[in-house]
Structures are given as structure tokens and as C-alpha cells.
Amino acid sequence: MRVGASPADSWELSTPQLSQFYVKGSPRNHGQHGFIFSNANWDPYPMANEIEAFSIALANMDSAIAQRLLRFTNTFFTVSAPSDESPGEPGRFHLTQGSEIDAVALMQEVQGLINPVPPEGNALIQNVEDMQTQTRLKVARARTVVDDTIELLAEDLLTGTYWLDLRKAQNPSRGFGASPTAVWNAFRTALPFNGVGPASAAQPIHDIAATFIRGNAAANFYKDNSREPDAAGRRHITE
């Protein structure tokens, strides 16, 4: 597939023979157009390497998520413990210790999945093939890393929204950024703070969080949290 190529790019591309392989842009493919050419694709290294690099990039983000989850278990960072706000109900319906275990287990799996797949290079079928990139294995690993990332983000969502509730209980007048507040409010319609609701009766709260993440693009909640520039051109970020 040659994305972006047009019949006007070359006289050969405008011939009836090649025009039949032209794909027009549409809303379903975000207006992208191009040609589909016959290609044995003996050298898929550029694509395979990008897939592997994508997994490594996700793992770096996952490491930050895991560390954030672990820090929420330490009063050195949170100052107050969940039990301080809800005596006898530490963590209420979401136990912080559970997030800690999940974060470590998921991160260990991700670390194993991002190890590079070594190239084999066996040219089969009378040595016709030029390259072997183990693309199938790299794609399978990337898919699992994506799944594990969503599981980590589900724990992150449960923990983050829980602490937003605690901070609000500590100071009812306290406000948060527009985007976190939008996510918080939307998630609480799916899973109330007390954990009692139609969804929680049918599935574990972790699955509710993972389903919420899969069904709601981050862009739906993103807003510009900055105010208009002042006279000096500075932007003041809201709390």
C-alpha cells in the first residue's frame, strides 16, 4: 500500500491498468488515499521494528503508571491514609494493596514481552525469501502489551478517582483540573464511590474500569485547563 500516492503523481499511475488499484479517501479511513501494488514484501523490517518500538514505548509509560500506583500506598506521598477518612473501611471498595500487587504482576509481564525477538533468517522455499522478521511474534507481543497497559490503567483509574473522592471529602471546596474532573464524574456514573451499582453487581470493579477505558477515548475528556493569558502573556493553570 502506497499511502498518499495519486494518479496525478505519474503518467503510469493514471493509466487504466493501475487506476483499478487506486483507493479513494473516505471518512472511514480519515480521507487517506493511495495505491495498492503487488509486492512480495520480503523486507518488512521497517514495520516490524516500529511494532517492537511501540511495545517498548508503552512499557516506559507502564513503568510510570506502576510507580504512581505504588506511591499511592505510601503515606509519605499521600500524607493521609484512606482509613483516616473512612475509619474501619481502609480503601473502601478499592483496596490499595490490591493495586500494588496487580501493578507489580502486570509490569513483570510487560518487561518480558518487550525483550526483542531475535531474527532467525531462514530463507525457506528454495531460499527465495530474503528476510525473516518474526513480525507475527512481535505483533502478538504488542497486542498483549496493549492489553496489559489497559489493565494497568484500570487500576490507575480506580486509584485516582478514589483519591479524588478522598481529597474532596477533606476539603469540599477543593477543585481539580477540567479533564480529571470530567473523567472522575463520568466514571462515577459507571461505578459509584460506594461501589454499589448495576455494573458492580454484574462484574468486578476492575473489569468495570477496564471496560470504561476501552469504551471512552481519552480525547473525549481532554480540555484546555489553562486560562486566557494575562497582560504579561502568562497562562495560569487551574488547580
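In this text, all values refer to a predicted model and were calculated from it rather than measured experimentally.

Chemist: How do you make sense of the overall build of the protein chain when you look at a structure like this?
Modeler: A count of helices and strands for the protein chain gives 10 helices and three strands. Here the protein chain holds 239 residues, and 32% of them are scored as buried. For the protein chain, long-range pairs separated by at least 24 residues make up 67% of all intrachain contacts whose partners lie at least 6 apart in sequence. Carbon and sulfur atoms make up 56% of the accessible area of the protein chain, which amounts to about 15000 Å² in all.

Chemist: In this structure, what is going on with the nonpolar core? I would like to understand it.
Modeler: Proteins that are soluble and globular tend to have nonpolar side chains buried together. Core analysis: the largest hydrophobic core is formed by 13 residues, its most contacted members being Leu157, Leu158, Phe187, Leu191, Ala209 and Phe212. Only α7 (135-170), α8 (178-190) and α10 (205-215) provide two or more residues apiece to this core. Setting aside residues no more than four positions away along its own chain, leucine 157 makes contact with Val183, Phe187, Ala209, Phe212 and Ile213. If you look at the next biggest cluster of nonpolar residues, it comprises 12 residues, including Leu58, Ala59, Ile65 and Val145.

Chemist: Would you mind showing me how to read the layout of surface pockets here?
Modeler: Empty space among the atoms can be located by rolling a probe the size of a water molecule over them. Volume-wise, the largest pocket comes out at about 560 Å³. Together, 19 residues line the largest pocket, and Leu153, Asp156, Leu157, Pro180 and Val183 are the ones closest to its centre. Among the secondary structure elements, those contributing two or more residues to the lining of the largest pocket are α7, α8 and α10. Within the lining of the largest pocket, the residues separate by chemical class into 13 nonpolar, four polar and two charged.

Rules and cut-offs
Residues numbered from 1 in each chain as written. Predicted model: local features only at pLDDT ≥ 70, side-chain atom pairs only at ≥ 80, totals over all residues. Heavy atoms only, no water. Helix = DSSP H or I, 4+ residues; strand = E, 2+ residues; numbered from the N terminus. Buried < 20%, exposed > 50% of the residue type's maximum accessible area, 1.4 Å probe, protein only. Contact = heavy atoms within 4.5 Å. Areas by Shrake-Rupley, 256 points an atom, 1.4 Å probe, with all protein chains shown as cover. Core = buried A, V, L, I, M, F, W, Y, C linked by side-chain atoms within 4.5 Å. 1 Å grid on protein atoms, 1.4 Å probe; cavity = no way out; pocket = protein on both sides within 12 Å on 5 of 7 lines; lining within 4 Å. Points joined across faces, edges and corners; volume = space filled by probe spheres on them. Nonpolar A, V, L, I, M, F, W, Y, C, P; charged D, E, K, R; others polar.

Interpretation note: all reported values are geometric properties and have no functional meaning in isolation.
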